[in-house]
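Topology and contacts: notes
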Amino acid sequence: MITGTLEQLDRLLPQVAGNVRKALELLKQVDVTALPDGRKLLDGEDIFASVNTYETEPVQDRRPEKHFRYIDIQILGAGREAIGYTDVENAGNLTEDRREKDDVVFYGTTRKENFVKLEKGDFAIFFPWEVHRPNCWFGEGPETVKKIVVKVRA
């Protein structure tokens, strides 16, 4: 997992390659925080954005998830959110498998879960070997969040 801010993409760019680098370069050119809710192709099916506005939920109400074909760059366009994460080896029982249709599986539990707290303009990058639990309360209650998830073909 890598975290940063949209304002400081220049320091990360020399450290990454391939489609992740291309996606970060696109983020320098396109203000994804201004995109309306929905799906927006940035480089065909290799790099696209999914924009949603929602209320965060208590961590116990959120399921850990993992992807196989795509890397997630999760960006907050508004609000605050906590996201749990751990390596896939720390995931418990598989509770739902939608990898063929939606490139996602869900788990019932995790061990060694850490949390990153994101605010407007912050991002976190999750790779296919990482389980993450998005959309969690930042503090003591729900907040309205606008999140842009840039999906990058792995």
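Located above this text is the structure these notes cover.
Residues numbered from 1 in each chain as written. Predicted model: local features only at pLDDT ≥ 70, side-chain atom pairs only at ≥ 80, totals over all residues. Heavy atoms only, no water.

1. A look at the overall build of the protein
Defined as follows: Here a strand is any run of E in DSSP of at least two residues, a helix any run of H or I of at least four, and the numbering for each starts at the N terminus. For the radius of gyration, the atom set is restricted to C-alpha positions; the globular benchmark scales as 2.2 Å times the number of residues to the power 0.38. Type-normalised accessible area, obtained with a 1.4 Å probe on protein chains alone, sets the label of each residue: buried when under 20%, exposed when over 50%, and partly exposed for intermediate values. In this description, contact between two residues means that some pair of their heavy atoms is separated by no more than 4.5 Å.
Of the regular secondary structure elements, the protein holds three helices and twelve strands. Relative to a compact globule of 154 residues, whose C-alpha radius of gyration would be 15 Å, the protein shows 15 Å and is just as compact. Counting every position in the protein, which comprises 154 residues, the buried fraction comes to 48%. Look at the contacts in the protein between residues 6 or more apart in sequence, and 78% of them connect residues 24 or more apart.

2. Overview of the environment of Arg39
What counts is decided by this rule: Residues adjacent in sequence count toward polar contacts only when both atoms are side-chain atoms; beyond that, a polar contact is any pair of N or O atoms within 3.5 Å, and within protein one must be able to donate a hydrogen and the other to accept it.
Summarising the element assignment, Arg39 is placed in strand β2 (residues 38-43). With 59 residues separating them in the primary sequence, Arg39 and Arg98 have C-alpha atoms 19 Å apart. Among residues more than four places away in sequence, those in contact with Arg39 are Glu45, Phe48 and Ala49. Polar contacts involving the side chain of Arg39 include one to the side chain of Glu45, which spans 2.8 Å.

3. Section: the side chain of Glu143
Looking at the element boundaries, Glu143 is found in the loop between β11 (130-136) and β12 (144-153). Side chain to side chain, Glu143 and Arg80 meet in a polar contact 2.8 Å long. Glu143 has contacts with Tyr54, Glu55, Thr56, Gly79, Arg80 and Phe138, leaving out every residue within four places of it along the chain.

4. With respect to the nonpolar core
Keep this limit in mind: The nonpolar core is taken to be a set of buried Ala, Val, Leu, Ile, Met, Phe, Trp, Tyr and Cys residues, with the residues joined through side-chain atoms within 4.5 Å.
Counting residues in hydrophobic clusters, the biggest one holds 24 residues, and the most contacted among them are Leu24, Leu27, Ile73, Ile75, Ile125, Val150 and Val152. At five residues, helix α2 (residues 18-29) tops the list of elements feeding residues into this core. By size, the runner-up hydrophobic cluster in this structure holds eight residues, among which are Leu118, Ala124, Phe126 and Val145.

5. Comments concerning α2
For the record, the criterion: Here, expected helix span is obtained from the residue count minus one, scaled by 1.5 Å. The arc refers to the directions leading from the helix axis to the C-beta atoms.
Spanning twelve residues, α2 covers 17 Å between terminal C-alpha atoms, matching the ideal 16 Å at 1.5 Å per step. Among the residues making up α2, those that are buried are Val20, Ala23, Leu24, Leu26 and Leu27. Buried positions in α2, seen along its axis, are confined to an arc of 155 degrees and lie on one side of it. Exposed positions of α2 whose direction lies more than 90 degrees from the buried face are Gly18 and Gln29. Residues of α2 that are buried sit in contact with α1 (9-12), β2, β3 (47-55), β5 (70-78), β10 (122-126) and β12.

6. Some details on the sheet that holds β12
Hydrogen bonds between backbone atoms are what pair the strands of a sheet, whose relative direction is either parallel or antiparallel. Here is the rule: Any two strands between which DSSP finds at least two bridges are classified as paired. Fitting a line to C-alpha atoms yields each axis, with helices limited to the stretch in contact; the angle taken between N-to-C directions then spans 0 to 180 degrees.
The sheet built from six strands is open, its strands ordered β1-β10-β5-β12-β3-β2 with antiparallel pairing. The open sheet terminates on both sides in strands that have one partner only, identified here as β1 (2-5) and β2. Each neighbouring strand pair of the sheet contributes to a mean axis angle of 20 degrees, computed without reference to strand direction. Looking at chain direction, β3 and β12 are connected through nine bridges and run antiparallel. Within β12, the residue paired with Glu55 across the bridge is Thr144. Taken strand by strand, α2 contacts β2, β3, β5, β10 and β12, and its axis lies near 140 degrees from that of β12.

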